[in-house]
Amino acid sequence: MKMKKAFPDEYRFFPRTFIMPGEASEFRNQFTDRHGRAINRRKTFIVKPDNLAQGRGIYLSRNCEKIIEQCTNEGGGWVVQDYLASPHTIEDLKYDLRIYVLLYGLNPLRIYIHEQGLARFATEPYEKPRPNNLDNIYCHLTNYAINKMNDNFKQNNKAAKEEDDYGGYDEEESDDCEEEEEEGHKRSMFAILKILYS
């Protein structure tokens, strides 16, 4: 958040983010005009607890007061972000990228990016958020731990690495053809780049 404030032009890609409950007033202000009157906004937010992993506790909401109340009453810290309603999709599925970076030094700045990462896919076709689909975690979330529970989940046994239940990785070697890397709900960065460049 400090980087976005310091370099607003460079961080335009980053969704507006609130750390709750500390920034509850700032969060609420976007739903009122300068006279304090309520503004009816149909914005969707993604709410994430900062002390859980694997998609647990994450939800989408359009209810400002419900978000503030939950973030205040349940304790702990929460991250509330504008939900990006038009993400890039592949095969109509939302996905995220895991790119591994090593910060080797600050002065001079030396950063290494691993040549291989992975993509995690949702398991149901993406639809823009509407009141009747905000609870569809298989459409909106890309967490492997969540999506592997969906009947639509397709395991990719040829991906370079498999995420275990704790967010770590077990090596899985494969000498078979690369075609199988292009299938499934977890794919190698190589497979994604091949799709993007085609």
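Above this text is the structure in question.
Residues numbered from 1 in each chain as written. Predicted model: local features only at pLDDT ≥ 70, side-chain atom pairs only at ≥ 80, totals over all residues. Heavy atoms only, no water.

## A short note on the packing of aromatic side chains
For the record, the criterion: For Phe, Tyr and Trp, where Trp contributes only its six-membered ring, two rings pair if their centres lie within 6.5 Å, and the inter-plane angle classes them as stacked under 30 degrees, edge-to-face over 60, or tilted in between. Accessible area is worked out with a 1.4 Å probe on protein chains only. A residue is then buried under 20% of its type maximum, exposed over 50%, and partly exposed in between. Throughout this description, the term charge over a ring refers to an Arg CZ or Lys NZ atom that lies within 6 Å of the ring centre and within 35 degrees of the ring normal.
Going through the model one piece at a time under the given rule, you end up with nine aromatic pairs. Ring centres of Phe13 and Phe14 lie 6.3 Å apart, and the angle between their planes is 90°; on these two criteria the pair is classed as edge-to-face. With a centroid separation of 5.7 Å and an interplanar angle of 70°, the aromatic rings of Phe27 and Phe31 are classed as edge-to-face. Looking at Phe31, the relative accessible area reads 9%, which means it is buried. Among the aromatic residues, those joined into a ring-pair cluster are Phe18, Phe27, Phe31 and Phe45. When the ring centre of Tyr144 is taken as reference, the NZ or CZ atom of Lys186 above it lies at 3.6 Å.

## Some points on the sheet that holds strand E9 (residues 118–121)
Basically, it comes down to this: Each pair of strands is called paired provided DSSP finds at least two bridges between the two strands. A run of H or I in DSSP counts as a helix once it spans at least four residues, and a run of E counts as a strand once it spans at least two, with each numbered from the N terminus. Note on contacts: a residue pair qualifies if any of its non-hydrogen atoms lie within 4.5 Å across the two residues. The axes used here are C-alpha line fits, helices contributing only the stretch in contact, and every angle between their N-to-C directions lies in the interval 0 to 180 degrees.
Read from one edge to the other, the open sheet built from four strands follows the order E5-E6-E9-E12, with strand pairing classed as antiparallel. Strand pairing shows two members of the sheet lacking a second neighbour, strand E5 (89–90) and strand E12 (186–188), which therefore form its edges. Looking at chain direction, E9 and E12 are connected through three bridges and run antiparallel. Bridged to Leu118 within E12 is Ser188. On top of the sheet, helix H6 (residues 189–197) reaches E5, strand E6 (93–98), E9 and E12; it is set at about 80° to E12, its chief contact.

## Regarding the side chain of Gln30
Heads up, the condition is: In protein, a polar contact means a hydrogen-donor-capable atom and an acceptor-capable atom, both N or O and within 3.5 Å, with residues adjacent in sequence counting only if both atoms are side-chain atoms; elsewhere, any N or O pair within 3.5 Å suffices.
Checked against the element boundaries, Gln30 lands in the loop between helix H2 (24–29) and strand E2 (45–49). Gln30 gets classed as buried once you look at its relative accessible area, which sits at 7%. Separated by 3.2 Å, the side chain of Gln30 and the backbone oxygen of Phe27 make a polar contact.

## Focus: H6
For clarity, the threshold we go by: What the arc measures is the spread of directions leading from the helix axis to the C-beta atoms.
Those residues of H6 that sit buried are Met189, Ala191 and Ile192. Summarising the axial view, the buried residues of H6 lie within an arc of 160°, below the 170-degree limit, and thus occupy one face. On its buried face, H6 sits against E5, E6, E9 and E12.

## What to know about a nonpolar patch on the surface
Using the following cut-off: Patch criteria: residues need more than 30% relative accessible area and no salt bridge. Like-charged residues are merged within 9 Å; nonpolar side chains of Val, Leu, Ile, Met, Phe, Trp and Tyr are merged within 5 Å. For accessible areas, the Shrake-Rupley method is used with a probe of radius 1.4 Å. Any residue's cover is judged against the shown protein chains and nothing else. The term salt bridge refers to a side-chain nitrogen of Lys or Arg lying within 4 Å of a carboxyl oxygen of Asp or Glu.
Together, Leu97, Ile99, Val101, Leu103, Leu106, Leu109, Ile111 and Ile113 line one region of the surface with nonpolar side chains, adding up to about 820 Å² of accessible area. Elements supplying a minimum of two residues to the nonpolar patch: strand E7 (101–106) and strand E8 (109–113). Tracing the backbone shows Ile111 in strand E8. A relative accessible area of 46% places Ile111 in the partly exposed class.

## Section: helix H3 (residues 64–73)
One turn of an α-helix holds 3.6 residues; hence residues three or four places apart share an orientation. Taken residue by residue, H3 has Cys64, Ile67, Ile68, Gln70 and Cys71 as its buried positions. One face of H3 carries all of its buried residues, which in axial projection span an arc of 165°. Exposed residues pointing more than 90 degrees away from the buried face of H3 are listed as Glu69 and Asn73. If you follow the buried residues of H3, they end up packed against strand E1 (17–20), H2, E2, strand E3 (59–61) and strand E4 (78–82).

## Examining the pattern of salt bridges
Scanning the entire structure with this criterion turns up seven salt bridges. The partner of Lys43 in a salt bridge is Asp82, and the shortest N-O contact between them spans 3.6 Å. A residue pair is termed long-range when its members are at least 10 positions apart, and Lys43 in the loop between H2 and E2 and Asp82 in strand E4 qualify at 39 residues. With a relative accessible area of 21%, Lys43 lands in the partly exposed category. Here Asp82 falls in the buried class, since its relative accessible area comes to 17%. By sharing partners, the salt bridges in this structure join Arg16, Lys43 and Asp82 into a single network.

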